Structures are given as C-alpha cells and as structure tokens.
Amino acid sequence: FVARRYRPALRALLTPNGILNFQNRFSSQIGVAGTGSPIADFVLGYPLSARVGTPIETNGFVDLVYNSYGVYVQDDIKVHPSLTVNLGLRYEYQTPIRERSNAARSWSVGEQRFLEVGRDIPSLTKPDRNNFAPRLGVAYSLTPRTVVRAGAGVFYGFVRGDEYPIYQLNPPFSNDVTINSDPIRPTLLPETLFPVPSAELRPGTSIFSLYYDFPANYTYQWNVTIQQELLESLAVELSYV
C-alpha cells in the first residue's frame with residue numbers, strides 16, 4: 001500500500017510589462033512582397049500583437065494539494081513443473097486537485113464561464129475511482145534450455161506535471177490577454193496598448209483549464225520473450241514489447 005500527498009505550489013511567471021510582437025507588416029510597400037522589416041516596425045513603434053499577464057487579486061501564488069493512493073496484490077501459481085503463472089491486481093486513486101482556499105476555477109466549454117468550487121462543482125476535476133489495473137505473467141519451459149515468458153497489464157497515469165500550475169494563469173489569480181492590431185492600420189498605440197488588469201473575461205483572454213470530467217489515462221502493455229541457453233555461462237533472448 002502506498003499513500004502520497006502532493007503540494008504543487010508555485011508563483012505564476014506573469015508578464016506585467018507585456019510582450020510585443022513586431023513583423024514587417026506596417027513598413028512594407030503595399031502590394032510588394034518581401035519588403036519591410038520587423039526592425040522598421042519596431043522603430044516605428046507599431047507592434048502586430050501584444051500579450052500581457054497581470055496579477056489581479058493575489059501576487060500570482062497558487063497553493064494546490066491532492067493525495068494519491070495505491071494498493072497491489074499478486075501471487076505466483078505453479079500450475080505445472082514447466083509452467084508458472086503470475087496473477088496480480090493494482091488499484092490506484094488520485095483525489096481531485098484543490099486549491100487550499102478553493103479560489104481556483106474550472107472552465108466550462110458548454111457554459112462558456114468559470115465554474116467555482118463549492119458553488120458550481122464540488123472539486124476542480126471529477127473523481128475517477130475505477131482505476132483497476134490487472135497483471136498477468138506466464139513462464140513456460142519448452143526444454144531445460146529454452147524458456148518462453150509473456151506478460152500483460154493495464155497501467156494508469158495521472159496528471160501530476162505542468163497541467164496543474166495552469167490554474168494560476170486564470171482569474172482570480174491573474175489575467176492573460178493577447179490583443180491584435182488591425183493588419184492594415186496600426187491600432188496598438190502606446191496610450192491604448194495594454195488593458196487595465198481585471199478579473200472579467202474579454203476578447204483575447206487566454207483560458208487555461210483541465211476538463212472537469214478529465215479521467216485518468218491508461219495504456220495496455222504486453223510482451224513476449226524467448227530465452228535460450230547456449231552454454232552454461234551464455235544465454236541469448238529475443239523479446240517483443
């Protein structure tokens with residue numbers, strides 16, 4: 001039996017000063033391909049797009065927590081002097097991730113809004129409790145010098161990496177907005193370039209979220225191996241995995 005507690009807590013790498021993208025859009029000659037320069041657009045002060053990530057209610061720090069549990073049983077069965085069967089079963093469960101103050105939200109594609117924990121949904125992701133992973137292994141001696149082995153099983157994986165810190169890029173922690181200029185006439189001018197930080201969504205706002213019904217992923221794996229003894233101190237084997 002294994003039990004682990006995870007605390008992925010970190011601070012959002014925001015860009016309150018903005019990121020500007022310059023191309024050769026506004027310094028090129030109309031109707032003439034290959035003219036203009038991104039450096040010229042930069043000197044003119046005409047970006048094609050701008051992105052800004054700003055903190056809203058917090059300093060961008062998000063404190064997440066979840067638990068992971070696993071239990072495994074197995075047994076070797078000597079069916080015949082030449083045949084051994086290994087049977088096993090593993091069960092794994094990972095609790096839905098939560099933000100310690102329940103401030104993180106989950107985006108609903110159908111409703112086009114953020115769902116709040118405790119009011120709209122009980123947790124950021126739906127619990128997935130059917131993660132049974134059977135195992136089967138077989139070893140058979142064709143001759144005293146030749147052995148065939150085979151194994152198969154189901155293996156579960158869980159979201160434990162960079163998918164979780166994405167919650168810090170959403171309201172109410174921060175707001176990540178990308179705005180684009182008119183492709184013909186520069187409209188991203190210094191006095192109107194970046195919007196005022198706000199928890200409200202607007203055109204160009206980037207949404208980062210895990211799907212609420214996101215299940216644990218799993219794979220089927222199997223292998224077959226033939227092992228042949230050539231000499232007392234030398235053997236070769238061929239496997240397919």
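As the structure is a prediction and not an experimental result, all values here were calculated from the model.

## Notes on the overall build of the protein chain
The helix and strand tally for the protein chain stands at 1 helix and 14 strands. Relative to the compact-globule value of 18 Å for 241 residues, the protein chain shows a C-alpha radius of gyration of 28 Å, a clear excess of over 25%. If you line up the protein chain on its principal axes, its C-alpha atoms span 85 × 50 × 30 Å. Long-range contacts, defined here as pairs at least 24 residues apart, represent 71% of the contacts in the protein chain between residues at least 6 apart. Carbon and sulfur atoms make up 57% of the accessible area of the protein chain, which totals about 15,000 Å². Looking at the protein chain, you have 21 positive and 21 negative side-chain charges, and the mean spots of the two groups are 4 Å apart.

## Quick look at the pattern of salt bridges
If you walk through the whole model with that rule in mind, you get 9 salt bridges. Of the charged contacts in the structure, one is a salt bridge between D176 and R51, with a shortest N-O distance of 2.9 Å. Taken together, the positions of D176 in strand β12 (residues 174-180) and R51 in strand β4 (residues 49-55) put the pair 125 residues apart, joining distant regions of the chain. For D176, a relative accessible area of 6% corresponds to the buried category.

## Quick look at the environment of F22
Summarising the element assignment, F22 is placed in the loop between β3 (15-21) and α1 (38-44). Taking C-alpha positions, F22 is 4.7 Å from P47, a pair spaced 25 residues apart along the chain. Setting aside residues no more than four positions away along its own chain, F22 makes contact with P38, D41, F42, G45, Y46 and P47.

## Some points on the nonpolar core
In terms of nonpolar packing, the biggest core is built from 14 residues, with L64, I97, A104, I121, L124 and Y167 touching the most fellow members. Ranked by residue count, the leading element in this core is strand β5 (residues 61-80), at 3 residues. When neighbours within four sequence positions are excluded, I121 is seen to be in contact with S106, L115, E116 and Y212. Formed by 5 residues, the second largest nonpolar core is a distinct cluster that contains A133, V154, Y156 and F158.

What counts as what
- Residues numbered from 1 in each chain as written.
- Predicted model: local features only at pLDDT ≥ 70, side-chain atom pairs only at ≥ 80, totals over all residues.
- Heavy atoms only, no water.
- Helix = DSSP H or I, 4+ residues; strand = E, 2+ residues; numbered from the N terminus.
- Rg over C-alpha atoms; globule rule 2.2 N^0.38 Å.
- Contact = heavy atoms within 4.5 Å.
- Areas by Shrake-Rupley, 256 points an atom, 1.4 Å probe, with all protein chains shown as cover.
- Lys, Arg positive; Asp, Glu negative; His and termini not counted.
- Charge placed at Lys NZ, Arg CZ, Asp CG, Glu CD.
- Salt bridge = Lys/Arg side-chain N within 4 Å of Asp/Glu carboxyl O.
- Buried < 20%, exposed > 50% of the residue type's maximum accessible area, 1.4 Å probe, protein only.
- Core = buried A, V, L, I, M, F, W, Y, C linked by side-chain atoms within 4.5 Å.

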